[in-house]
Amino acid sequence: MEQAQTRLELFYAQIVTFITIYGGRVLLAIITLIVGLWVIGWITRLLSSAMTRRHVDRDVQPFLLSLVNGLLRVLLLLSIASTLGVQTTSFVAIIGAAGLAVGLALQGSLSNFAGGVLILIFKPFRVGDLISAQGFTGNVEAIRIFDTTLVTLDNKTIILPNGALSTSAIMNISTKGIIRVDQVYGVGSQNDLDKTKASIQKVVDACPYALKDRQHDVLIAKLNPNSRDYDVRVWTKSETYWDTYYYMLENIARQFAKDGIEAPKPKMFITNEE
């Protein structure tokens, strides 16, 4: 009984000693964590506002904010470790070794990070641009450290890794500000050539998205045995590409019907029967 009581007293004394020595440090570390996270959030918001006021490139802002936020959190972690009495030199060495191991395990993520840096430096596209890459077409919504977000024309969100994006072909539809909509229309060879071209030209001239200071083309592209193919090339602004595309499709179909322009007639196959 006395032995059990002695052990209990010893355990109690150890708890008191631990609280006496480390209680203040733990409390201070908790306070540092809470205040530090609040300060990091405040600095991030302040930096965001400053970059917005100074008109810093929209492509760079999310990248810089993520980078600064990550560095500040690492510094906060080191500060808390120092408060708890952990030797920061040893702690840094541990972090370095862990970082090396994690880096080897996450080579793809490092590749994405490097790709993000390259995209921000060379700027093959910017936030808001309409691009086609990796089999997807959409407007660039954000460029972050590891990935780029596209919003497709049907309002779907696509997240593309920066590593693959920076090393693959990218078609930037918005770079020049204007773009040509190329379409091919096939009609029967029985239709009058000039009448068909005039019918198409009516739609081109009436298209509200076609640029008035550009030359639009209606050309014969191919002569087939029972049909002709017409190339129709209309210049428009990058943001109205799809409006122009669908306007031409619908209204040329209507104009053909109105002007009596007929589709190619099917070929007739005659067989000899004995």
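Residues numbered from 1 in each chain as written. Predicted model: local features only at pLDDT ≥ 70, side-chain atom pairs only at ≥ 80, totals over all residues. Heavy atoms only, no water.

Some points on the confidence of the model for the protein chain
Put simply, the protein chain has an average pLDDT of 80, and 77% of its residues get 70 or more. Of all the helices and strands in the protein chain, helix α3 (residues 88–105) carries the lowest mean pLDDT, 59, while helix α6 (residues 193–206) carries the highest, 94. (pLDDT = per-residue confidence, 0-100. Helix = DSSP H or I, 4+ residues; strand = E, 2+ residues; numbered from the N terminus.)

Observations regarding α6
For α6, built from 14 residues, the straight-helix expectation of 20 Å at 1.5 Å per residue is met to within 8% by its first-to-last C-alpha distance of 20 Å. Here α6 has its buried residues at Thr196, Ser199, Ile200, Val203 and Val204. Down the axis of α6, the buried side of the element spans an arc of 140 degrees, and every buried residue falls inside it. Turned more than 90 degrees away from the buried face of α6 sit Asp194 and Asp205, all of them exposed. Tucked inside the fold, the buried residues of α6 contact β6 (178–188), β7 (217–223), β8 (227–237) and α7 (241–259). (Expected span 1.5 Å × (residues − 1). Buried < 20%, exposed > 50% of the residue type's maximum accessible area, 1.4 Å probe, protein only. Arc of directions from axis to C-beta. Contact = heavy atoms within 4.5 Å.)

Considering the sheet that holds β6
Here three strands make up an open sheet; going across it, the order is β6-β8-β7 and the pairing antiparallel. Each edge of the sheet is formed by a strand with only one pairing partner; in this case those strands are β6 and β7. With direction set aside, neighbouring strand axes in the sheet form an average angle of 25 degrees. Bridge count for β6 against β8 is eleven bridges, and the pairing is antiparallel. Residue pairing across strands places glycine 188 opposite serine 227, the latter belonging to β8. (Pairing = 2+ DSSP bridges. Axes fitted to C-alpha atoms, helices over the stretch in contact; angles between N-to-C directions.)

Section: the nonpolar core
Among the nonpolar cores identified, the biggest contains 16 residues, and Ile200, Val204, Val232, Val234, Met248, Ile252 and Phe256 are the most heavily contacted of them. Those elements that provide at least two residues to this core are β6, α6, β8 and α7. A total of four residues in this core trace back to one element, the largest contributor, which is α7. Discounting chain neighbours no more than four positions away, the residues touching valine 204 are Ala210, His216, Val218, Val232, Val234 and Met248. Counting 14 residues, the second-largest nonpolar core is a separate cluster that includes Ile119, Ile143, Leu150 and Leu160. (Core = buried A, V, L, I, M, F, W, Y, C linked by side-chain atoms within 4.5 Å.)

Considering α7
Here α7 is 19 residues long and its end C-alpha atoms lie 26 Å apart, about the 27 Å a rise of 1.5 Å per residue gives. For α7, the secondary structure elements touched by its buried residues are β6, α6 and β8. Looking at the residues trailing α7, positive phi occurs at glycine 260, about 75 degrees.

Description of the packing of aromatic side chains
Per the counting criterion, the structure on display carries six aromatic pairs. Each ring, one from tyrosine 241 and one from tyrosine 245, has its centre 6.4 Å from the other, and the planes form 20 degrees; the classification is stacked. Placement of both tyrosine 241 and tyrosine 245 in helix α7 is noted, with a separation of four residues, approximately one turn of the helix. We classify tyrosine 241 as buried; its relative accessible area is 17%. Between tyrosine 245 and tyrosine 246, the ring centres sit 5.2 Å apart and the planes meet at 85 degrees, which makes this aromatic pair edge-to-face. The exposure class assigned to tyrosine 245 is partly exposed, which follows from its relative accessible area of 24%. Aromatic ring contacts, followed pair by pair, group Tyr241, Trp242, Tyr245 and Tyr246 into a single cluster. Sitting above the plane of the tryptophan 235 ring, arginine 214 keeps its charged end 4.6 Å from the centroid. (Phe/Tyr/Trp six-rings, centres within 6.5 Å; stacked < 30°, edge-to-face > 60°. Lys NZ or Arg CZ within 6 Å of the ring centre and 35° of its normal.)

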